[in-house]
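Tertiary structure, described
Letter by letter, the chains look like this.
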Amino acid sequence: MSSEAQALLRLSGVRKHFGGLVVLNDVGFSVAPGEIVGLVGPNGSGKTTAINVISGLFRADAGLVSFAGQDINRLPMFRRAQLGINRSFQVPKVFRDMTVRENIEVAAHCGSKRNTDVDAILDDLDLAALAEKPAGSLTVNQQKLLDLGRALATGPKLLLVDEIGAGLNPAELNGIAALLQNLAARGIALIVVEHLLDFLNRITARVIVLGAGRMLFEGSLDAASRDPEVVAAFFGS
Ligand SMILES: Nc1ncnc2c1ncn2[C@@H]1O[C@H](COP(=O)(O)OP(=O)(O)OP(=O)(O)O)[C@@H](O)[C@H]1O
Ligand SMILES: [Mg+2]
């Protein structure tokens with residue numbers, strides 16, 4: 001578990017509302033370099049909003065969001081990307097008319113990294129054979145991989161992965177699990193939002209459970225599955 005001193009990302013007392021709807025309420029946790037943290041919770045519990053508040057799509061209304069010791073809550077998304085925070089999207093966002101390679105090349109200009117090895121990323125994602133195809137011709141699953149590749153091209157220190165597993169077959173899931181573990185081994189911290197708990201269990205021993213915008217639990221998935229509050233949030237009390 002990450003101590004304060006080691007933390008790369010730190011959230012404390014984070015709150016986000018849309019009109020009268022409080023979507024994140026007093027959320028606080030830390031992530032250390034090279035650590036994989038699973039973020040789980042029922043539909044609408046605030047997982048994507050948490051990713052949005054960390055990546056800079058939204059600002060937290062209250063609380064602290066710090067990265068490498070710096071308060072980043074007022075920084076726009078591109079500045080956070082330059083610092084080393086990037087994310088993939090639940091619904092992949094690729095430039096459909098550009099080739100797969102061009103998509104990664106464009107993304108590389110948005111980050112902190114100088115010499116992005118586009119071919120290495122294409123190999124990592126198993127997309128090398130499709131490099132010259134328009135991104136719009138890819139399947140949704142391949143677009144999800146490309147979206148992850150675009151995030152990787154920026155040279156992230158913290159990668160936020162929003163539901164990449166949904167719709168993938170077992171072989172594809174194995175590939176993604178191995179890739180995410182490999183990225184963590186290279187020192188990249190990952191927050192992985194996922195409904196597929198078996199998949200998550202394979203890549204991390206630490207999960208955070210959100211329920212209606214509140215942190216219900218932090219610890220192992222195994223312990224989470226025995227926690228009455230977590231069980232009630234998923235299945236109703
Ligand atoms: N831009 C927005 N404006 C208004 N409400 C929003 C906005 N974004 C999210 N919400 C609301 O905030 C709540 C949390 O949404 P969020 O997308 O963070 O949930 P989630 O945990 O990612 O759910 P899912 O598992 O379905 O992806 C939902 O009630 C959602 O309708
Ligand atoms: Mg979501």
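Residues numbered from 1 in each chain as written. Chains lettered and ligands numbered in written order. Predicted model: local features only at pLDDT ≥ 70, side-chain atom pairs only at ≥ 80, totals over all residues.

This part takes up the overall build of the protein. Broken down by element type, the protein carries 9 helices and 10 strands. Computed over the C-alpha atoms, the radius of gyration of the protein is 17 Å, within 12% of the 18 Å expected from 2.2 N^0.38 for a compact globule of 237 residues. Each principal axis of the C-alpha distribution contributes one length, and for the protein these read about 50 × 40 × 35 Å. Across the 237 residues in the protein, those meeting the buried criterion constitute 43%. Of the contacts made within the protein by residues no fewer than 6 positions apart, 69% connect residues no fewer than 24 positions apart. (Helix = DSSP H or I, 4+ residues; strand = E, 2+ residues; numbered from the N terminus. Rg over C-alpha atoms; globule rule 2.2 N^0.38 Å. Buried ≥ 20, exposed ≤ 12 C-beta atoms within 10 Å, placed from the backbone. Contact = placed C-beta atoms within 7 Å.)

Core analysis: the biggest nonpolar cluster contains 68 residues, and L9, L39, L190, V192 and V209 have the highest contact counts within it. Of the residues forming this core, the biggest block, 6 residues, is contributed by helix α5 (residues 140-153). For this core, the two domains that each supply at least three residues are domain 1 (1-84 + 157-237) and domain 2 (92-156). The residues touching L190, leaving out its near neighbours within four places in the chain, are I36, L159, V161, L180, L183 and A184. (Core = buried A, V, L, I, M, F, W, Y, C linked by C-beta atoms within 7 Å. Domains from an automatic or database assignment.)

Looking now at the site of ligand 1. Near ligand 1 you find F18, V23, G41, N43, G44, S45, G46, K47, T48, T49 and Q90, and these make up its full shell. Within the shell around ligand 1, the residues separate by chemical class into 2 nonpolar, 8 polar and 1 charged. (Near = placed C-beta within 6 Å. Nonpolar A, V, L, I, M, F, W, Y, C, P; charged D, E, K, R; others polar.)

Turning to the packing of helix α3 (residues 100-108) against α5, a few remarks are in order. Two numbers describe how α3 lies on α5: the axes approach to 7 Å, and their chain directions differ by 35°. In the crossing of α3 with α5, the sense of the turn from one axis to the other is right-handed. Residues V100, N103, I104, A107 and A108 of α3 touch α5, and the partners they reach there are L146, G149, R150 and A153. Looking at the contact of α3 with α5 residue by residue, the class counts come to 6 nonpolar, 2 polar and 1 charged. (Axes fitted to C-alpha atoms, helices over the stretch in contact; angles between N-to-C directions. Left-handed = near helix turned anticlockwise from the far one by under 90°.)

Strands sit in the order β6-β7-β8-β3-β9-β10 across an open sheet of 6 strands; the sheet is mixed. Edge positions in the open sheet fall to β6 (85-87) and β10 (214-219), since each of these has one partner strand only. The average undirected angle you get between the axes of adjacent strands in this sheet is 20°. Taken together, the 3 bridges between β6 and strand β7 (residues 158-162) define a ladder with parallel strand orientation. Across the sheet, I85 pairs through a bridge with L158, a residue of β7. Lying over the sheet, helix α9 (residues 228-235) contacts β9 (207-211) and β10, oriented at roughly 125° with respect to β10. (Pairing = 2+ DSSP bridges.)

In this section: the sheet that holds strand β4 (residues 62-67). Ordered by their spatial adjacency, 4 strands build an open sheet running β2-β1-β4-β5, and the pairing between neighbours is antiparallel. For this open sheet the edge positions go to β2 (21-31) and β5 (70-71), each flanked by a neighbour on one side alone. Two elements, strand β1 (residues 9-18) and β2, share 7 bridges in a ladder whose sense is antiparallel. Each bridged residue has a counterpart across the sheet, and for K16 the counterpart in β2 is L24. Along the sheet, helix α1 (residues 47-55) contacts β1, β2 and β4; its crossing angle with β2, the most-contacted strand, is approximately 65°.

Let us now look at the environment of L179. Mapped onto the elements of the fold, L179 is located in helix α6 (residues 170-185). On the neighbour-count criterion, L179 (18 C-beta atoms within 10 Å) is partly exposed.

With 14 residues, α5 should cover 20 Å at 1.5 Å per step; its first-to-last C-alpha distance of 20 Å lies within 8% of that length. Listed as buried for α5 are Q142, Q143, K144, L145, L146, D147, L148, G149, R150, A151, L152 and A153. Where α5 is buried, its residues touch β6, α3, α4 (118-124) and β7. Among the residues trailing α5, G155 stands out with phi positive, at a value near 70°. (Expected span 1.5 Å × (residues − 1).)

A few words on the domain arrangement of the protein. Domains assigned within the protein are domain 1 (1-84 + 157-237) and domain 2 (92-156). Centre-to-centre separation of domain 1 and domain 2, based on C-alpha positions: 23 Å. Tallying the contact residues gives 16 residues for domain 1 and 13 residues for domain 2. Contributing elements (two or more residues each) for the side of domain 1 that touches domain 2: α2 (77-83), β7 and α6. Take the side of domain 1 that touches domain 2: its biggest share by element is 4 residues, from α2. A breakdown of the residues in the side of domain 1 that touches domain 2 according to their chemical character gives 10 nonpolar, 4 polar and 2 charged.

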